[in-house]
Amino acid sequence: NAGVTQTPKFRVLKTGQSMTLLCAQDMNHEYMYWYRQDPGMGLRLIHYSVGEGTTAKGEVPDGYNVSRLKKQNFLLGLESAAPSQTSVYFCASREDRGRNYGYTFGSGTRLTVV
Amino acid sequence: GDSVTQMEGPVTLSEEAFLTINCTYTATGYPSLFWYVQYPGEGLQLLLKATKADDKGSNKGFEATYRKETTSFHLEKGSVQVSDSAVYFCALTQAGGSYIPTFGRGTSLIVHP
């Protein structure tokens, strides 16, 4: 099925460990985004990309890095995980066709840092 | 800057009750407005949208009308089902730039049989 696929779905990290979250979309979308969702905080944008080879900071970029080497993939890295990064992470993508188009979201990665 | 305000939840209803979830926005220009739904353990899904004043978006029995005079986009459904239990997010997107939406905080809906 076409859509946005996130891997892994669940992960437990120890403080200081590193990991990479993968987001893959097969809809040829130009724009991709990483959000985190925390109770009472809604969705907060971490980083985004407006095309292959581009990245930009969102609202809460500290402690995260991203790469968009291929159009279909958007990677989110945590170099040294902290308990404050315990969250549910969502990837989203959209077409570059104006403001009238909504996002397609992945099903999320639930990350716990202990 | 732009902002979206939703009523705080949870909203608790009995099956077949009428649903209204309020959403108001502050924005310059003429944004597009969206409702997303998040079922437990899943990502957000686009539920409906409206792209200009007085447009009505509809899907799966849900409706919302773009009211520019009151800067509102309230979500309504005539008869809710248990399966509608989810978190609902109102959002707006402006023209230009990277089309990053402004999301509301979300409103949880719980429907009891």
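Residues numbered from 1 in each chain as written. Chains lettered and ligands numbered in written order. Predicted model: local features only at pLDDT ≥ 70, side-chain atom pairs only at ≥ 80, totals over all residues. Heavy atoms only, no water.

Asks: Explanation requested: the interface of chain B and chain A in the structure shown.
Replies: Listed per partner, the contact involves 24 residues of chain B and 23 residues of chain A. For the pair chain B and chain A, the summed buried surface comes to about 1,800 Å²; carbon and sulfur atoms form 57% of the total. For the interface between chain B and chain A, the tally reads zero salt bridges. The interface formed by chain B and chain A includes five residue pairs in polar contact (both at pLDDT 80 or more). Elements supplying a minimum of two residues to the side of chain B that touches chain A: strand E5 (32-38), strand E6 (44-50) and strand E10 (86-93) of chain B. Sorting elements by how many residues they give to the side of chain B that touches chain A places E5 of chain B first, with four residues. When grouped by side-chain class, the residues that make up the side of chain B that touches chain A number twelve nonpolar, nine polar and three charged. (Contact = heavy atoms within 4.5 Å. Buried area = accessible area lost by both parts, 1.4 Å probe. Salt bridge = Lys/Arg side-chain N within 4 Å of Asp/Glu carboxyl O. Polar contact = N/O pair within 3.5 Å; in protein donor to acceptor, adjacent residues only side chain to side chain. Helix = DSSP H or I, 4+ residues; strand = E, 2+ residues; numbered from the N terminus. Nonpolar A, V, L, I, M, F, W, Y, C, P; charged D, E, K, R; others polar.)

Asks: Explain the pattern of salt bridges to me, please; I cannot follow it from the model alone.
Replies: Side-chain pairs of opposite charge can arise where the charged atoms are in close proximity. Residue and element names in this part refer to chain A. What the rule picks out here adds up to six salt bridges over all chains. Between Asp38 and Arg36 there is a salt bridge, with the nearest N and O atoms lying 2.9 Å from each other. According to the relative accessible area criterion, Asp38 is buried, its value standing at 12%. Asp38 is paired through a salt bridge with Arg44; the nearest N and O atoms lie 2.9 Å apart. Side by side, Asp38 and Arg44 carry an identical accessibility label, which is buried. Linked by salt bridges that have partners in common, Arg36, Asp38 and Arg44 make up one network. (Buried < 20%, exposed > 50% of the residue type's maximum accessible area, 1.4 Å probe, protein only.)

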